[in-house]
Amino acid sequence: MTCRRWCLLMAFVIFSMNVPAPAYEGWFSEESRHFTAYFRDPSARAEAEDVLRAAEVFRDRLNQKWKPFRPWSFWRQGGPRCSIYLFQSKRDFLETTRRPSWSRSAAVDAEEKIIALSRDSPTLMRAELPHEIAHLYFRQWLGVSGPVPVWIEEGVALAEEELPADKLDAVLESRIAQRRTIPMKELLERTRLQDLDQNSVALFYAQSRSLVIFLTERFGPSRFLALARLLGRKTPLTSAWQQAFDLPFPGFDGLEDQWLSHLAR
Ligand SMILES: [Zn+2]
């Protein structure tokens with residue numbers, strides 16, 4: 001690992017945990033064309049190779065999917081390789097990264113391309129791995145340095161997971177029936193998830209995924225991605241909406257009505 005990458009990982013850990021960083025020296029590694037997998041225990045070598053193979057497949061798939069809309073900047077040549085840290089367990093992952101207890105994985109730094117995963121998660125290969133690669137890829141693809149709204153980041157990454165979204169769909173269905181979804185203004189303006197409990201995060205994920213799918217189906221992927229890029233450049237929502245979709249923003253209530261009507265079809 002380069003010193004720069006090491007320092008960035010440490011900086012993330014230190015800033016997010018506010019506690020002294022653990023040592024990563026002595027981790028083992030395996031490489032594929034675009035990724036390096038790091039693991040603490042040599043028994044994880046075969047698993048690391050599986051992760052690398054799957055990561056290359058997910059990367060290729062994202063390339064195929066988004067390249068037509070912006071062919072010139074994807075996963076820049078000459079940039080840092082993507083580092084995937086395979087923690088021994090969710091407990092190991094949480095103790096080291098101090099992420100919220102509902103978290104199982106993280107995309108740490110979009111520029112340096114660092115992903116942290118828990119080895120013992122049964123959904124690692126089909127959920128967390130594609131999810132976190134999508135986070136890194138999407139951010140780099142957009143080419144914006146500022147934060148992209150959380151509902152877009154999570155909605156796009158969730159849509160790349162390979163597991164059926166049955167649980168999220170069930171959460172959403174039940175909350176819609178109870179008229180207890182997150183108000184659209186709150187959903188669109190939320191900037192962090194760390195202060196939410198597990199149920200609230202599940203609802204946020206379910207609604208974000210559903211809204212991203214709705215907007216992509218309603219306006220097409222090209223216009224949706226234009227919206228994401230404009231919002232990532234801090235364009236106010238109403239003007240970003242007008243520019244991306246060539247329509248005035250319908251208001252938070254209007255958007256909620258359109259989204260719910262689309263779901264009811
Ligand atoms: Zn995510």
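Here is what the cut-offs are and how they apply
- Residues numbered from 1 in each chain as written.
- Predicted model: local features only at pLDDT ≥ 70, side-chain atom pairs only at ≥ 80, totals over all residues.
- Helix = DSSP H or I, 4+ residues; strand = E, 2+ residues; numbered from the N terminus.
- Contact = placed C-beta atoms within 7 Å.
- Axes fitted to C-alpha atoms, helices over the stretch in contact; angles between N-to-C directions.
- Parallel < 35°, antiparallel > 145°, perpendicular 65-115°, else oblique.
- Nonpolar A, V, L, I, M, F, W, Y, C, P; charged D, E, K, R; others polar.
- Pairing = 2+ DSSP bridges.
- Core = buried A, V, L, I, M, F, W, Y, C linked by C-beta atoms within 7 Å.
- Buried ≥ 20, exposed ≤ 12 C-beta atoms within 10 Å, placed from the backbone.
- Domains from an automatic or database assignment.
- Arc of directions from axis to C-beta.
- pLDDT = per-residue confidence, 0-100.
- Left-handed = near helix turned anticlockwise from the far one by under 90°.

## A word on the overall build of the chain
Counting secondary structure elements, the chain contains 11 helices and 5 strands. Taking the contacts inside the chain whose residues are at least 6 apart along the sequence as the reference set, 66% of them involve residues at least 24 apart.

## Let's talk about the packing of helix 8 (residues 198–219) against helix 11 (residues 251–264)
Each pair of packed helices can be summarised by the angle the axes make with each other and by the distance between the axes. Axis separation between helix 8 and helix 11 bottoms out at 10 Å; the angle between their running directions is 85°. By the angle between their axes, helix 8 is roughly perpendicular relative to helix 11. Contact residues: Ser 210, Leu 211, Phe 214 and Arg 218 in helix 8; Trp 259, His 262 and Leu 263 in helix 11. Partitioning the contact of helix 8 with helix 11 into residue classes produces 4 nonpolar, 2 polar and 1 charged.

## Concerning the sheet that holds strand 1 (residues 28–31)
The mixed open sheet is built from 5 strands, whose spatial order is 1-2-3-5-4. In this open sheet, the two strands that pair with only one neighbour each are strand 1 and strand 4 (105–109). If you compare each strand with its neighbour and ignore which way they point, the axes differ by 20° on average. Strand direction decides the pairing type here: strand 1 and strand 2 (residues 35–39), joined by 4 bridges, are antiparallel. Looking across to strand 2, one finds that Phe 28 is bridged to Phe 39. Along the sheet, helix 3 (residues 90–97) makes contact with strand 3 (82–87), strand 4 and strand 5 (114–118), crossing strand 5 at roughly 135°.

## So, the nonpolar core
Among the nonpolar cores identified, the biggest contains 60 residues, and Ala 37, Ile 84, Leu 86 and Ile 115 are the most heavily contacted of them. A per-element tally of this core places helix 4 (residues 124–142) first, with 8 residues. Mapped onto the domain boundaries, this core takes at least three residues apiece from domain 1 (3–142) and domain 2 (150–264). Discounting chain neighbours no more than four positions away, the residues touching Ala 37 are Ser 29, Glu 30, Ala 48, Val 51, Leu 52, Ile 84 and Leu 86.

## As for unusual backbone geometry
Glycine aside, residues mostly have negative phi, and peptide bonds are mostly found in the trans state. Although it is not a glycine, Arg 98 adopts a positive phi angle of roughly 55°. Mapped onto the elements of the fold, Arg 98 is located in the loop between helix 3 and strand 4. Judged by C-beta crowding, with 15 C-beta atoms within 10 Å, Arg 98 ranks as partly exposed. Of note, Asp 246 is a non-glycine position whose phi angle comes to about 60°, a positive value.

## Some thoughts on helix 10 (residues 237–245)
Taken residue by residue, helix 10 has Ala 240, Trp 241 and Ala 244 as its buried positions. Projection of helix 10 onto a plane perpendicular to its axis shows the buried side chains occupying an angular sector of 100°, all on one side. Among the exposed residues of helix 10, those oriented more than 90 degrees off its buried face are Thr 238 and Ser 239. Against helix 9 (221–232) lie the buried residues of helix 10.

## Considerations on the confidence of the model for the chain
The pLDDT averaged across the chain works out to 86; a share of 87% of its residues lies at or above 70. Taken as a whole, residues 1–23 scores under 50 in pLDDT and shows 21 contacts with residues more than four places along the chain or in a different chain.

## Description of the packing of helix 4 against helix 5 (residues 150–159)
Closest axis-to-axis distance for the helix 4/helix 5 pair is 8 Å, and the angle between their directions is 130°. Here helix 4 lies oblique to helix 5, going by the angle between them. Crossing of helix 4 against helix 5: the hand is right-handed. Here His 131, Ala 134, His 135 and Phe 138 of helix 4 come into contact with helix 5, specifically with Glu 153, Val 156, Ala 157 and Leu 158. Among the residues forming the contact of helix 4 with helix 5, the class breakdown is 5 nonpolar, 2 polar and 1 charged.

## Considering the environment of Pro 221
Mapped onto the fold, Pro 221 is located in helix 9. Setting aside anything within four residues of it in sequence, one finds Pro 221 in contact with Phe 69 and Thr 216.

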